[in-house]
Amino acid sequence: MEEFNVQNEGLGRKSAKGVAALASRTLVLNLISFAASLVIFTKLSPADVGVYTIVIAIQRVISFFTDFGFGAALVQKKEEVTKEDVVTTFTLQVGVTLGIFLILFLFRGFLPSLFKLNGDAVTLLLVLVFTIFLSSFKTIPSILLERKIHFHRLLLPQIVESLAFNIILIALLLNKFGLASFSWAFLVSAIISIPIYYYISPWTIGIGLNKTSLRHLKFGFQFQLKNILATIKDDFLTVILSKFLSAAEIGYIGFAQRIAFFVYRYVVDSVTKVTFSAYARMQEEEAMLRKAIEKSLFFVSILMFPMLSGLAIAGPYLITYIPKWHNKWEPAAISLIFFCLNALVSSLSGILVNVLDSNGRVKVTLRLMVIWTFMTWILTPLFIKFFGYNGVSIASFIVTLTIIYTVYLVRKIVDFSFWGSVKNPAIATILMSAVLLTLTQLFVKNMPSLVIVCIVAASVYGASAYFLCGKELRSDLVKIFKK
């Protein structure tokens, strides 16, 4: 299979264009997704949102136990990927995911009493688990393109799937289908995108297991074990919390988390998806790797710092002034602030963990995940005791402060400047936050005044960022788009 050469193809520029393609060309889709979120939080009650949050958490727990991490292993693999590798990967994922779905379907009668789910919620869970099986057919086409860092080609099926999901979801929610809206949206969108994956990245489906390919699962198992721990840390904890918190309280947590991490998933997921492949190709190029890490931290911080800080400050006002949200989502305001702080720190931590994974330091990230899981499961019940359901978001933010240790671990691989990469965006964000905090308290009385204040604060950030790092930003953009 055709491979990508670091020196001849200009990896840094190609990676930067990959990030730009994923971020810019999916902007409209993210706006549609955000509009769908507004409809969700307007049409559904906090209790319904809580049930949806619980079902999604259950599905994520199941999904990580159906994936061997072989996809990440193939992307990270230094040698050429063989036909036996991809056939083995496909066979394992199809077999396991189909088996899990059939087991869940046969024992579906026990789900309502086990998780306190109604009929629509059980149907949604079954649909979500079935889509895990369907995703097995998309894995190999994605891997083949990711190894060549051709992420722009993956945009077409992602666009089709996202558009289909959000259009169906919004239409059904507006027609009062409730939780059933999600079931139809997930199922239809998952099915219609499969043929497009094979159009843009064709391969002949095969069934079989190869001993040599299975040996390479060592990295995959370690990589997936880390993800399983992440699921235990977050999603399994949500499932357990459903036994102690009401559905409405889980809904407040889910609302705050979804709003806070919306921007995170748009920006950071685009960066990490591309840079995992790029960092893996730079394992023997320390100078190039150092520069790539610093640029990734810089671009993520210059985008994430102002957006998340602004959301943390303006969020409570938005909840008050958005029509039909008043007297409905105010209890989620404190959780929103701490989840924003969580996302801000995690946006940087995610890049550093990506460096460790892509360079084969999976045991190191596994150790990190053990620490984070232990801290989360200790701090969350303790903080819930003192702060109620808001303790979940507060505990999650405290855990992210371990980024200090993550920086130390990455510096053992390559000597990079963490503070130098994020300093100027941080200073500009502090100035913006001070202005926004002052103006909101003095002048905000309704939605128009909030919009005006946010525009003023954004202008302050833009001017500050241009003064502090405009030259660097212009230089980097020229390099990215230079032929």
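Thresholds applied
- Residues numbered from 1 in each chain as written.
- Predicted model: local features only at pLDDT ≥ 70, side-chain atom pairs only at ≥ 80, totals over all residues.
- Heavy atoms only, no water.
- Salt bridge = Lys/Arg side-chain N within 4 Å of Asp/Glu carboxyl O.
- Helix = DSSP H or I, 4+ residues; strand = E, 2+ residues; numbered from the N terminus.
- Buried < 20%, exposed > 50% of the residue type's maximum accessible area, 1.4 Å probe, protein only.
- pLDDT = per-residue confidence, 0-100.
- Contact = heavy atoms within 4.5 Å.
- Axes fitted to C-alpha atoms, helices over the stretch in contact; angles between N-to-C directions.
- Left-handed = near helix turned anticlockwise from the far one by under 90°.
- Nonpolar A, V, L, I, M, F, W, Y, C, P; charged D, E, K, R; others polar.
- Patch = residues over 30% accessible without salt bridge, like charges linked within 9 Å, V, L, I, M, F, W, Y side chains within 5 Å.
- Areas by Shrake-Rupley, 256 points an atom, 1.4 Å probe, with all protein chains shown as cover.

A look at the pattern of salt bridges
Side chains that differ in charge, positive against negative, can pair when their charged atoms come close.
Argument step 1. In the structure shown here, the tally under the stated rule is 2 salt bridges.
Argument step 2. Close ionic contact of Glu-161 with Lys-138 constitutes a salt bridge, the shortest N to O distance being 3.3 Å. Taken together, the residues span a long stretch of sequence, with Glu-161 in helix 9 (residues 155–174) and Lys-138 in helix 8 (residues 119–147) at a distance of 23 residues.
Argument step 3. Residue classification places Lys-138 among the buried residues on the basis of a relative accessible area of 9%.
Argument step 4. Here Arg-290 ties to Glu-294 by a salt bridge, and the two come within 3.6 Å at their closest N and O atoms. With Arg-290 and Glu-294 both in helix 15 (residues 286–321), this residue pair falls 4 residues apart, about one helical turn.

Let's talk about the confidence of the model for the protein
Argument step 1. Taken over all residues, the pLDDT of the protein has a mean of 81, while the share at 70 or more is 80%.
Argument step 2. Overall, residues 1–9 carries pLDDT values under 50, and its contacts beyond four positions in sequence, including any with other chains, amount to 20 contacts.

Quick look at the environment of Ala-47
Argument step 1. Mapped onto the secondary structure, Ala-47 falls in helix 4 (residues 46–64).
Argument step 2. Beyond its immediate sequence surroundings of up to four residues, Ala-47 is in contact with Ala-247 and Ala-248.

Notes on the packing of helix 17 (residues 362–387) against helix 18 (residues 391–400)
Argument step 1. It is at 8 Å that the axes of helix 17 and helix 18 come closest, and there the two elements cross at 145°. Relative to helix 18, helix 17 is oriented so that their crossing is right-handed. Contacts between helix 17 and helix 18 involve Trp-372, Met-375, Thr-376, Leu-379, Thr-380, Phe-383, Ile-384 and Phe-387 on the former and, on the latter, Gly-391, Val-392, Ile-394, Ala-395, Ile-398 and Val-399.
Argument step 2. Of the residues that constitute the contact of helix 17 with helix 18, the class distribution is 11 nonpolar, 3 polar and no charged.

Observations concerning the side chain of Thr-53
Argument step 1. Looking at the secondary structure, you find Thr-53 in helix 4.
Argument step 2. Residues within four places of Thr-53 in sequence aside, it is in contact with Thr-238, Ile-250 and Gly-254.

Here's the deal with a nonpolar patch on the surface
Argument step 1. On the surface, Ile-103, Phe-105, Leu-106, Phe-107 and Phe-110 cluster together into a nonpolar patch covering about 570 Å² of accessible area.
Argument step 2. Assignment of secondary structure puts Phe-105 in helix 6 (residues 83–106).
Argument step 3. For Phe-105, a relative accessible area of 36% puts it in the partly exposed group.

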